[in-house]
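# Observations on the model geometry
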Amino acid sequence: MNRSYQVIRSRRRTVSVEITKDLTVLVRAPKRMPLYEIDRFVESNSKWISDHIAKAAEEKKRLDMTGPISEDDIARMKLEAEYVIPGKVGHYADILGVTYGRITIRNQKTLWGSCTAKGNLSFNCLLMAAPDHIRDYVIVHELCHRLHMNHSREFWECVSNVIPDYKDCRKWLRNEGAVLIQSCCRQQASGENP
């Protein structure tokens, strides 16, 4: 049988499937699991696998079209964010009736923003490559943590009161935002110079 996936065996108890960035299907399985059981597992999950291959292919296509973000681009976005974001934070803090501490702008590989228990805020400079309403959502999200240091129903109601379409913003960050971060990380990993 011609298998369209790779099997990685280890001392695990369960079977899992992973779609890599280069669209390879990896099946992680217990060492002693017979190959016919692995085939059956893959067949029973074929819809999930094909859906995730299509999603990974679309993300790869967008990433290839975007190209890497240079160090100069990052420096420019950081300066722009240091100018733009504090004003927006002040605006939305007034609307929410909250205070905040220090604002830091960084080039982060996984987070768009964060809020500490002391009210210090950190934002990803790559937000400057995102649409304005996405920046607003991230700022409001972090400021709502000044009222709710969790992601409870009350927290999301707080966000929704200011950004009613916050679910669309979250979807944008998961899809388009992930491409932005990968573009930045790809440039850093390759060691490319601007």
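Here's what I pulled together on the structure shown here.

### Some details on the sheet that holds strand β4 (residues 103-106)
- Pairing within the open sheet is mixed, and its three strands lie in the order β4-β6-β5. Unpaired on one side and paired on the other, β4 and β5 (113-115) mark the two borders of the sheet. Between one strand axis and the next, the sheet turns through 15° on average, direction left out of account.
- Judged from the three bridges that link them, β5 and strand β6 (residues 121-124) form a sheet pairing that is antiparallel. Across the sheet, Gly113 pairs through a bridge with Phe123, a residue of β6.
- Contacting β4 and β6, helix α3 (residues 71-96) runs over the sheet at an angle of about 145° to β4.
- With respect to the sheet, helix α4 (residues 132-144) is in contact with β5 and β6, its orientation differing from that of β6 by roughly 155°.

### Side note on the packing of α3 against α4
- Two elements in contact, α3 and α4, have axes whose closest approach is 10 Å; the angle formed by their N-to-C orientations is 55°. Judged by the inter-axis angle, α3 sits oblique to α4. In this structure, α3 crosses over α4, and the sense of that crossing is right-handed. Here Ile85, Lys88, Val89, Tyr92, Ala93 and Leu96 of α3 come into contact with α4, specifically with Asp132, Arg135, Asp136, Ile139, Val140, Leu143 and Cys144.
- Taken together, the residues that form the contact of α3 with α4 break down as nine nonpolar, no polar and four charged.

### Concerning the nonpolar core
- Judged by nonpolar contacts, the single largest core of 37 residues is most densely connected at Ile85, Trp112, Phe123, Tyr137 and Leu143.
- For this core, the secondary-structure elements that each account for two or more residues are α3, β6, α4, α5 (153-162) and α6 (166-190).
- Sort the elements by how many residues they give to this core and α3 lands first, with eight residues.
- Phe123 has contacts with Ile85, Val89, Ile103, Thr104, Ile105, Arg106, Gln108, Trp112, Gly113, Val138, Ile139 and Glu142, leaving out every residue within four places of it along the chain.
- Core analysis: the next-biggest nonpolar cluster, separate from the first, contains twelve residues, Val17, Ile19, Val27 and Ile38 among them.

### Thoughts on helix α1 (residues 35-44)
- All buried positions along α1 are accounted for by Ile38, Asp39 and Val42. End-on, the buried residues of α1 take up no more than an arc of 100°, which puts them together on one face. In α1, the exposed positions angled more than 90 degrees off the buried face are occupied by Tyr36, Arg40, Glu43 and Ser44.

### Here we look at the sheet that holds strand β2 (residues 16-19)
- Read from one edge of the open sheet, three strands run β1-β3-β2, paired in mixed fashion. Here the strands that pair on one side only, and so sit at the sheet edges, are β1 (6-10) and β2. Taking each pair of neighbouring strands and ignoring which way they run, the sheet shows an average axis angle of 25°.
- Across four bridges, β2 lies against strand β3 (residues 25-30) in antiparallel orientation. Its bridge partner lying in β3, Val17 is registered against Val27.
- Sheet strands touched by α1: β1, β2 and β3. Its angle to β1, the strand with the most contacts, is close to 120°.

Calculation criteria
- Residues numbered from 1 in each chain as written.
- Predicted model: local features only at pLDDT ≥ 70, side-chain atom pairs only at ≥ 80, totals over all residues.
- Heavy atoms only, no water.
- Pairing = 2+ DSSP bridges.
- Helix = DSSP H or I, 4+ residues; strand = E, 2+ residues; numbered from the N terminus.
- Axes fitted to C-alpha atoms, helices over the stretch in contact; angles between N-to-C directions.
- Contact = heavy atoms within 4.5 Å.
- Parallel < 35°, antiparallel > 145°, perpendicular 65-115°, else oblique.
- Left-handed = near helix turned anticlockwise from the far one by under 90°.
- Nonpolar A, V, L, I, M, F, W, Y, C, P; charged D, E, K, R; others polar.
- Core = buried A, V, L, I, M, F, W, Y, C linked by side-chain atoms within 4.5 Å.
- Buried < 20%, exposed > 50% of the residue type's maximum accessible area, 1.4 Å probe, protein only.
- Arc of directions from axis to C-beta.

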